[in-house]
Amino acid sequence: MYKSSLIQLSRALDRREISSVELTEIYLDRIARMDAEYNSFITVTGELARTQAGEADQRRQAGSNGPLTGIPIAHKDIFCTRGVKTSCGSRMLDNFIAPYDATVVEKLRRAGMVTLGKTNMDEFAMGSSNETSFYGPVRNPWDLERVPGGSSGGSACAVAARLAPAATGTDTGGSIRQPAALCGLTGIKPTYGTVSRYGMIAYASSLDQGGPIARSAEDAALLLTAMAGFDARDSTSAERPAEDYSAHLDDSIEGLRIGLPREFFGEGLDSQVGAVIESAVKQFERLGAIVSEISLPNTRLSIPAYYVVAPAECSSNLARFDGVRYGYRCDDALDINDLFSRSRGEGFGAEVKRRIMIGTYALSAGYYDAYYLKAQRIRRLIRDDFHRAFEQADVILGPTSPTVAFKLGEKTGDPVTMYLSDIYTISINLAGLPALSLPAGFVAHLPVGLQLIGDHFGEARLLNAAHRYQQATDWHARAPEGCN
Amino acid sequence: MTLEKTNVEKIAWLARLKLSDNDIPEYARQLSSILTLVEQMNTVDTVSVAPLAHPLELSLRLRDDVVTEENQREAFQALAAHVEAGLYWVPKVIDT
């Protein structure tokens, strides 16, 4: 049963072939037996899961269920979950029991989904390999010596290892798409404003966006429909009518204009990853898509601009962690500044400190124009590149990551080397666009992710194109050895 | 941009981050290399480009100034390391 997709699980529950309680036990048992090796969960919520599964079975008996009622899910430990530790991968919040539910958690709970637990992640979502977590690195189920990607590495690992049928993630610079790519999964970062940020611990507020990590576009569409929607509690939530992202999955993609940005296929792209993407492009052509080359000339500036905007916003957002109201507090503070400085110095890890300091520097007196304002100007150039590109293309296609999963420890010595691995994902966050990653093949035994980028609020079209591709291929159906 | 030890100490103070003295040279090296990366921004002229703060350039919604949340003071204070008489306790701030 753990091999089934969300759609298959939903049908099995409908037909009473299995109960939610039985299904939940299957996943809890797999987590208990297998996760010591992966470290994908920070907290397993067995008791909560069993209670919710019982309630889901009752709802199904009463006929008051939806398609997701009774299906288990894992939440990235960045989403506040009432009564459950919500650590954000940090020592700072190791003792934090969230007093309320994030909107995403609440919506999926109302849909009847069963919470298996909270997944491991880079500390405060700052990282591309899950190696900055206070709870230790997560291992990639395709190769235990390699990273699962980050920051939603625990979510991707848990879904790839079939410890959960799907998981939530967040994406500030690639944190859904890159781990989805490195673990052979389908993950979508929606348009900024589509999924509520309420209760999603803030990293960089003008970039952060939640979304699902699943095994197929079809599953991701079902989940996104349940997660998305206007929320008055998020001041940046988009005021748009609710959308059924599954409605157009089966539409033909005959005539779909796909643009290949030449900047995504140049220097820095692993040639074998490039070859996999090129063969996927041919598959899209066989499905009727019309492919042409486009240009996103300011792509190379996306990482420099991001490493001003994101740290600046993070230095402000993380100022709330002061050792007073919640979170870690140092012992024997001498005075108020000692309390603040030591609580923060001891509670945050090195990568979080680096980003807070870069942000503090960029926003400090005399530097604002040179850094923050300059980065915001570059941000417009990057967004305008996409605007022009979408005059020629309906969807933009390229690799998600320049390489397959790298080895644990390979990039931890130099922060900048790690940052450069996000070259194909970061510009999308700066422009607020939707993008998804789907598996398109392998280099040796490691999955390769293909990225589809859409215009604002074009999620349905991305999911449609991804679904049609997945109807014609079986890369998304492959599972790591020992998990299939 | 190369940051010296004293620059890092000043930034850490502004950010209220206590760093170990032994770690400061490494932070100086790493932060300098991040700033060098960031300064690639200066290779383009952006004088005529307006800053973009919100990816969709929407303005934030306003709402009426009325109470919408219920009072959960006790639940929230239960999360703090030191609360007495309904107050958050910190070291003395003002000398008497």
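Residues numbered from 1 in each chain as written. Chains lettered and ligands numbered in written order. Predicted model: local features only at pLDDT ≥ 70, side-chain atom pairs only at ≥ 80, totals over all residues.

1. Some thoughts on the overall build of chain B
To keep it simple, the criterion reads: Per the convention used, a helix needs a DSSP run of H or I reaching at least four residues, while a strand needs a run of E reaching at least two, with both numbered from the N terminus. Only the C-alpha atoms count toward the radius of gyration. The rule for a globule is 2.2 Å times the residue count to the power 0.38. Note on burial: count the other C-beta atoms lying within 10 Å of the residue's C-beta; 20 or more is buried, 12 or fewer is exposed, in between is partly exposed, and C-beta positions come from the backbone.
Broken down by element type, chain B carries 3 helices and 2 strands. N-terminal to C-terminal, the α/β element order of chain B is α-α-α-β-β. A compact globule built from 96 residues would reach a C-alpha radius of gyration of about 12 Å, whereas chain B, at 22 Å, exceeds it by more than 25%. Counting over 96 residues, chain B shows a buried share of 16%.

2. Overview of the nonpolar core
Soluble, globular proteins show a tendency: their nonpolar side chains are buried together. All names here are of chain A. Applicable threshold: Note on terminology: a nonpolar core is a set of buried residues of type Ala, Val, Leu, Ile, Met, Phe, Trp, Tyr or Cys, with members joined through C-beta atoms within 7 Å. What counts as a contact is two residues whose backbone-derived C-beta atoms lie within 7 Å of each other.
Counting residues in hydrophobic clusters, the biggest one holds 163 residues, and the most contacted among them are Ile73, Val159, Ala164, Val308 and Val395. The element contributing the most residues to this core is helix 9 (residues 302–317), with 9 residues. Look past the residues within four positions of Val395 in its chain and what remains in contact with it is Leu256, Ile258, Leu452, Ile453, Gly454, Arg461, Leu462 and Ala465.

3. So, helix 9 of chain A
Cut-off, in case you're wondering: For a helix, the expected span equals 1.5 Å multiplied by the number of residues minus one.
Here helix 9 of chain A is 16 residues long and its end C-alpha atoms lie 22 Å apart, about the 22 Å a rise of 1.5 Å per residue gives. With respect to burial, helix 9 of chain A is a largely interior element, 14 of its 16 residues being buried.

4. Section: the packing of helix 1 (residues 5–14) of chain B against helix 2 (residues 24–38) of chain B
Residue and element names in this part refer to chain B. Condition: Interaxial angles span 0 to 180 degrees and are taken between N-to-C directions of axes, which are lines fitted to C-alpha atoms, for helices over the stretch in contact. Should an angle fall under 35 degrees it is taken as roughly parallel, and over 145 as roughly antiparallel, whereas 65 to 115 is taken as roughly perpendicular and any remaining angle as oblique. Under this grouping Gly is polar, as are all residues other than the nonpolar Ala, Val, Leu, Ile, Met, Phe, Trp, Tyr, Cys and Pro and the charged Asp, Glu, Lys and Arg.
The contact between helix 1 and helix 2 brings their axes to 9 Å, and the two run at 90 degrees. Here helix 1 lies roughly perpendicular to helix 2, going by the angle between them. Here helix 1 contributes Lys5, Val8 and Glu9 to the contact with helix 2, which in turn contributes Ile24, Pro25, Tyr27, Ala28 and Leu31. Grouping the amino acids of the contact of helix 1 with helix 2 by side-chain chemistry returns 6 nonpolar, no polar and 2 charged.

5. Quick look at the environment of Ala180 of chain A
Residue and element names in this part refer to chain A. Inspection of the secondary structure puts Ala180 in helix 6 (residues 177–182). Spatially, the C-alpha atom of Ala180 lies 7.3 Å from that of Gly449, the residues being 269 residues apart in sequence. When sequence neighbours within four positions are dropped, the list of residues in contact with Ala180 reads Ala156, Leu185, Thr186, Gly187, Ile213, Ser437 and Gly449.

6. What to know about the interface of chain B and chain A
With 38 residues of chain B at the interface, the matching set in chain A holds 54 residues. At the level of secondary structure, the elements contributing two or more residues to the side of chain B that touches chain A comprise helix 1, helix 2 and helix 3 (73–77) of chain B. The element contributing the most residues to the side of chain B that touches chain A is helix 2 of chain B, with 6 residues. Partitioning the side of chain B that touches chain A into residue classes produces 29 nonpolar, 6 polar and 3 charged.

7. Some thoughts on the domain arrangement of chain A
Residue and element names in this part refer to chain A. Rules: Each domain's limits were defined by an automated method or a database of domain assignments.
Here chain A is partitioned into domain 1 (6–256 + 400–477), domain 2 (257–299 + 377–392) and domain 3 (300–376). Computed from C-alpha coordinates alone, the two centres of domain 2 and domain 3 are separated by 35 Å. Taken residue by residue, the interface counts 6 residues in domain 2 and 9 residues in domain 3. Here the residues of the side of domain 2 that touches domain 3 are counted per class, giving 2 nonpolar, 2 polar and 2 charged.

8. Brief notes about helix 12 (residues 368–392) of chain A
Quick reminder of the rule: The term bend refers to the angle at a residue between two fitted axes, each drawn through seven residues, those ending there and those starting there.
The terminal C-alpha atoms of helix 12 of chain A lie 36 Å apart, and with 25 residues this matches the ideal 36 Å at 1.5 Å per residue to within 8%. At Lys374 of chain A, helix 12 of chain A shows its largest kink, close to 30 degrees.

9. A few points about the confidence of the model for chain B
Atom-level detail of predicted coordinates should not be read off regions where pLDDT is low. Applicable threshold: Per-residue confidence from the prediction method is given by pLDDT, with values spanning 0 to 100.
In the predicted model, chain B carries a mean pLDDT of 93, and 99% of its residues have values of at least 70. Confidence estimates for the predicted assembly give a pTM of 0.97 and an ipTM of 0.96.

10. Some details on unusual backbone geometry
Residues and elements named next belong to chain A. That bond from Gly150 to Ser151 is cis: its omega, 10 degrees, falls within 30 degrees of zero. Tracing the backbone through its elements, the reader meets Ser151 in the loop between strand 3 (114–119) and helix 5 (153–160). Not every positive phi belongs to a glycine, and Asn39 is a case in point at roughly 65 degrees. Counting through the fold element by element, Asn39 comes out in the loop between helix 2 (20–38) and strand 1 (41–44). Residue classification places Asn39 among the buried residues on the basis of 20 C-beta atoms within 10 Å. Positive phi, normally seen in glycine, also occurs at Cys88, with a value near 55 degrees. Mapping Cys88 onto the fold places it in the loop between strand 2 (72–76) and helix 4 (103–110).

11. Focus on the pairing of strand 10 (residues 435–443) of chain A
All names here are of chain A. Operational definition: Note on pairing: DSSP must find at least two bridges between two strands before they are called paired.
Among the 9 residues that make up strand 10, 7 are buried, leaving the element largely enclosed by the rest of the structure. In this sheet, strand 11 (residues 446–454) lies alongside strand 10 in antiparallel orientation, the contact comprising 8 bridges. Bridge pairing links Gly441 to Val448 in strand 11. Here strand 10 folds back onto strand 11 in antiparallel fashion, the turn holding 2 residues, of which Ala444 has a positive phi close to 55 degrees.

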